[in-house]
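Report on the structure
Chain by chain, the residues run as shown.
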Amino acid sequence: MSAAGQHILVYPFPTSGHFIPFLDLTHRLLNRRLTVTVLVTPNNLHLLDPLLTRHASSSLHHLLLPDMDPLPAPNLPARLRRLRDLHYPALLQWFQSLTSPPVAIFSDFFLGWTQSLASELGLRRIVFSPSSSFSYSLNMSLCRESLRIDDPQAEKQTLSFPDIPNSPKYPAYQINSIYRTYKDADPDKEFYRRNWLQNLESWGVVFNTFSDLEAIYIDHLKKEIMGHDRIWAVGPVLGDDGLDTTNRGGSSSVPFQELVAWLDSRDDNSVVYVSFGSHYVLTLKQMDVVASGLEESGVNFVWSVREPKASQVSRDHGVIPDGFEDRVAGKGFLIKGWAPQLAVLRHRAVGAFLTHCGWNSTLEGIAAGVVMLTWPMGADQFTNTKLLVDECGVGIRVGESTQNIPESSTLARMLVESLDGSRAERSQAKMLSEEALNAVNGGTSDNDLGSLVKAINEIKPSTGSNKI
Ligand code: UDP
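Residues numbered from 1 in each chain as written. Predicted model: local features only at pLDDT ≥ 70, side-chain atom pairs only at ≥ 80, totals over all residues. Heavy atoms only, no water.

The name given to the chain in an unreviewed UniProt entry is Glycosyltransferase, with Gossypium raimondii as the source organism. As stated in UniProt under Sequence similarities (unreviewed entry), the record for the chain gives "Belongs to the UDP-glycosyltransferase family." (UniProt positions renumbered as here; feature names shortened; annotations may be inferred.)

1. Some details on the site of the ligand
Lining the immediate surroundings of the ligand are 18 residues, of which Ser278, Ala339, His356, Ser361 and Glu364 lie closest. A distance of 2.6 Å separates an oxygen atom of the ligand from a polar atom in the side chain of Ser361. Its free accessible area being 530 Å², the ligand has 95% of it covered by the protein chains. Secondary structure elements with two or more residues in the shell around the ligand: α1 (16–31) and α13 (359–368). When residues of the shell around the ligand are assigned to their parent elements, the largest contribution, four residues, is made by α13. Of the residues contributing to the shell around the ligand, the split by class is four nonpolar, 11 polar and three charged. (Near = heavy atom within 4 Å. Polar contact = N/O pair within 3.5 Å; in protein donor to acceptor, adjacent residues only side chain to side chain. Areas by Shrake-Rupley, 256 points an atom, 1.4 Å probe, with all protein chains shown as cover. Helix = DSSP H or I, 4+ residues; strand = E, 2+ residues; numbered from the N terminus. Nonpolar A, V, L, I, M, F, W, Y, C, P; charged D, E, K, R; others polar.)

2. Description of helix α16 (residues 424–440)
For α16, built from 17 residues, the straight-helix expectation of 24 Å at 1.5 Å per residue is met to within 8% by its first-to-last C-alpha distance of 25 Å. When α16 is considered as a whole, its buried residues turn out to be Glu425, Arg426, Ala429, Leu432, Ser433, Ala436, Ala439 and Val440. The buried residues of α16 occupy an angular sector of 135° when projected down its axis, which confines them to one face. The exposed residues of α16 that point more than 90 degrees off its buried face are Ala424, Glu434 and Asn438. Positive phi shows up at Gly442, right after α16, with a value of about 95°. (Expected span 1.5 Å × (residues − 1). Buried < 20%, exposed > 50% of the residue type's maximum accessible area, 1.4 Å probe, protein only. Arc of directions from axis to C-beta.)

3. Section: empty space enclosed by the protein
Across all of its chains, the model carries one cavity of 30 Å³ or more by this definition. Computed from the structure, the largest cavity encloses a volume of approximately 70 Å³. Considering the residues around the largest cavity, the lining is formed by Phe276, Gly277, Tyr280, Val281, Leu282, Met287, Trp303, Ser304, Val305 and Arg306. The element contributing the most residues to the lining of the largest cavity is strand β11 (residues 300–305), with three residues. (1 Å grid on protein atoms, 1.4 Å probe; cavity = no way out; pocket = protein on both sides within 12 Å on 5 of 7 lines; lining within 4 Å. Points joined across faces, edges and corners; volume = space filled by probe spheres on them.)

4. Points about the nonpolar core
Judged by nonpolar contacts, the single largest core of 87 residues is most densely connected at Leu91, Tyr136, Leu213, Leu263 and Val302. The biggest single contributor to this core is helix α3 (residues 76–97), with eight residues. In this structure Leu213 touches Trp359, Leu363, Ile366, Leu387, Cys392 and Leu432, once residues within four positions along its chain are discounted. Leu29, Leu34, Leu47 and Leu51 belong to the second-largest nonpolar core, a separate cluster that totals 33 residues. (Core = buried A, V, L, I, M, F, W, Y, C linked by side-chain atoms within 4.5 Å. Contact = heavy atoms within 4.5 Å.)

5. Digging into the sheet that holds strand β4 (residues 104–108)
Spatially, β3-β2-β1-β4-β5-β8-β9 is the arrangement adopted by the seven strands of the open sheet, whose pairing is parallel. A single partner strand is all that each edge strand has here, and the edge strands are β3 (60–64) and β9 (231–233). Between one strand and the next, the sheet's axes are offset by a mean angle of 20°, whatever the strand orientation. Here four bridges tie strand β1 (residues 7–11) to strand β2 (residues 35–40), and the two strands are oriented parallel to one another. The residue of β2 that forms the bridge with Leu9 is Thr37. (Pairing = 2+ DSSP bridges. Axes fitted to C-alpha atoms, helices over the stretch in contact; angles between N-to-C directions.)

6. Notes on the packing of helix α5 (residues 133–145) against helix α14 (residues 381–391)
It is the contact of α5 with α14, at a shortest axis distance of 9 Å, that shows an interaxial angle of 135°. Our classification of the angle between α5 and α14 gives oblique. Note on packing geometry: the crossing formed by α5 with α14 is right-handed. Of the residues in α14, those touching α5 at Phe134, Ser135 and Leu138 are Thr383, Lys386, Leu387 and Glu391. The residue inventory of the contact of α5 with α14, partitioned by class, reads three nonpolar, two polar and two charged. (Parallel < 35°, antiparallel > 145°, perpendicular 65-115°, else oblique. Left-handed = near helix turned anticlockwise from the far one by under 90°.)

7. Considering the packing of α1 against helix α17 (residues 444–457)
Two quantities define a packed helix pair, namely the angle between the helix axes and the distance between the axes. At a closest axis distance of 11 Å, the pairing of α1 and α17 adopts a crossing angle of 70°. Judged by the angle between their axes, α1 and α17 are roughly perpendicular. Between α1 and α17 lies a crossing of right-handed hand. For the pair α1 and α17, the contacting residues are Leu25, Arg28 and Leu29 in the first and Asp446, Leu449, Leu452 and Val453 in the second. Here the contact of α1 with α17 is built from residues that sort into five nonpolar, no polar and two charged.

8. Here's the deal with the environment of Gly358
With respect to the helices and strands, Gly358 occurs in the loop between β13 (350–355) and α13. On the accessibility criterion, Gly358 (10% relative accessible area) is buried. It is 27 Å that separates the C-alpha atoms of Gly358 and Val36, two residues lying 322 residues apart in sequence. With sequence-adjacent residues up to four places away left out, Gly358 is seen in contact with Gln381 and Asn384.

9. Quick word on the side chain of Arg266
Inspection of the secondary structure puts Arg266 in the loop between α9 (256–264) and β10 (271–275). Lacking a salt bridge, the buried Arg266 has Asp267 as its closest oppositely charged neighbour, with an N-O distance of 8.4 Å. Side-chain polar atoms of Arg266 contact the backbone oxygen of Trp262, separated by 3.4 Å. Residues within four places of Arg266 in sequence aside, it is in contact with Val271, Asn300, Gly330, Lys331, Arg348 and Ala349. (Lys, Arg positive; Asp, Glu negative; His and termini not counted. Salt bridge = Lys/Arg side-chain N within 4 Å of Asp/Glu carboxyl O.)

10. As for the sheet that holds β10
One open sheet accounts for six strands, arranged β12-β11-β10-β13-β14-β15; its pairing is parallel. With partners counted over all chains shown, the strands left at the sheet margins are β12 (332–336) and β15 (395–397), one partner each. Between one strand axis and the next, the sheet turns by 20° as a mean value, whatever way the strands run. In this sheet, β13 lies alongside β10 in parallel orientation, the contact comprising five bridges. Directly across from Val272, in β13, lies its bridge partner Ala352. Lying over the sheet, α14 contacts β14 (371–374) and β15, oriented at roughly 110° with respect to β15. Against the sheet, helix α15 (residues 408–418) touches β10, β13, β14 and β15, its axis set at about 165° to β14.

Set out below in C-alpha cells:
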C-alpha cells in the first residue's frame, strides 16, 4: 500500500439526493487518505467546491464528462440507459489512457452497468446505496422476481415480500412506479431491471445507514442476497468533519444569517420544518392542505417550497395560496428554492419535520432527533416511513402521496401534537439520534468505514485483462 492510499473512481448519479451523500462519504474517504477521482457533469461541477477547498489537489481529482440532453418528460430508465451509452465508451478510453488507473469503480446503485465496465477493465466495482438496506432488499426482490403488476386491477392488490425480514406488505400503489407503469416488454423497463441485477455481481456494497437502525436488513443482504460480508454501513454521512454544511447541495436561497436569527428567536422544539425534498412538486390539492394546515395550526414553521422546473409544470401543480404569506407573517418563514436543510434541522428550535421521507431527509431528521411527520410520495419513501413509524417509533403518519391526503384540520392538529414535549416519539427520537451520532463518532459506522478503506487498500492493481 502506498502512504497515500489507493486511488478509486467515485461516480455519483447526478441528482441531489444521490450526489450529496456520496460527496459527504467521499470527504470521509479522503480524510482516511484514499486518492479519489470524482466523475462530474458540468451541472454538478460546483458541488465539488466545498471538497476542493478542504483537500489537497494531489488526492482529490475530477473527471468531467458531458451530461445527456434533457428528455422531454421524466423517464428514469431511459435516462439511465442514455447515460450508459454516453459514459461507457468515454470511461473505457479514460481508464485505458492511464498508466496507473484507479483500482476500483465506486458507483451509485443506479449505475449497475458500470459492473460490465469494471469487469472489462479487470477492476473491482463497489456499489454506493443512497437508500436504506431495507429498500435495497425490496428492489432486489422486485427485479429478481420480475414482478408483473401492469394491469389496471393490480393497483388494488396488496403485495407481500415474505423473504424480506418482517415480511413487509404494500398496496400496489406504493411499489416503485417503474414496475407498475411500464409494460413488461418495454426495453427501458428491461434495461432498468438488468441494471439493478448487475449490482448483485459487485464486489461490495456501501450503505448510508447504521447498524442500530437496520441490522436485520444488513444481515439479510449479507446472508441471503450477496452471500458475503463485503457490505459496509457507514452512515449517516452528514458532511461533518470540517465541511461547510451551510452550502451542502447548493447555496441557500435566503440569507443564511437571517434564517438563523429567525430560528434563534424561537423557543426550543417550537418550530416545524416542512420540506418534500429536492424535486417533488406538490399538487394543487396537497399544496392547499399543507398551507391551510400550517395556517390553522398556528405553529411556527420553516417551509422549503419547491417550484416546478419547466418539465414539471402541469395544470395540477400547486402554488402558494394568495395572501398566505401575509396571513402567516411572524409565524412562518418561507424558502422558495434551496434551503440549508441540514443546518435548519440541527437548530435547537426545530422540533418536528413534515417530510416526504426521502432517505437523506430521513437520516438527517433521525440524526437531528426531531419528530417525523411522514408524507411519502413515491420511490423508497413508503419503506422509509415503515422504518420511521413502525420500527423506530419516531414518526407519525400524516399522508400518503395523492392516495391519502389529510383534511387540513387533521394536519393542523398533528402539527401541534408533534411539538408536544410529552409525546413518546420525542423521547424515542432523542435516543435514536444518539445512536446515529455514536455510530459515526467512533461506533459501528466508523468501524465499517475503516474496514472498507482497508479492503480497498488491499486490492491488487489490475493487470488489465482479468475478468472480475
Ligand atoms: N436538500 C436541501 N435543501 C433543499 C432540498 C433538499 O439541502 O431545499 C437536501 C436534503 O438535505 C437532502 C437532499 O437534498 O440531503 C434530498 O434528498 P432526499 O433523499 O431527502 O430526497 P430527494 O430530494 O432525493 O427526493
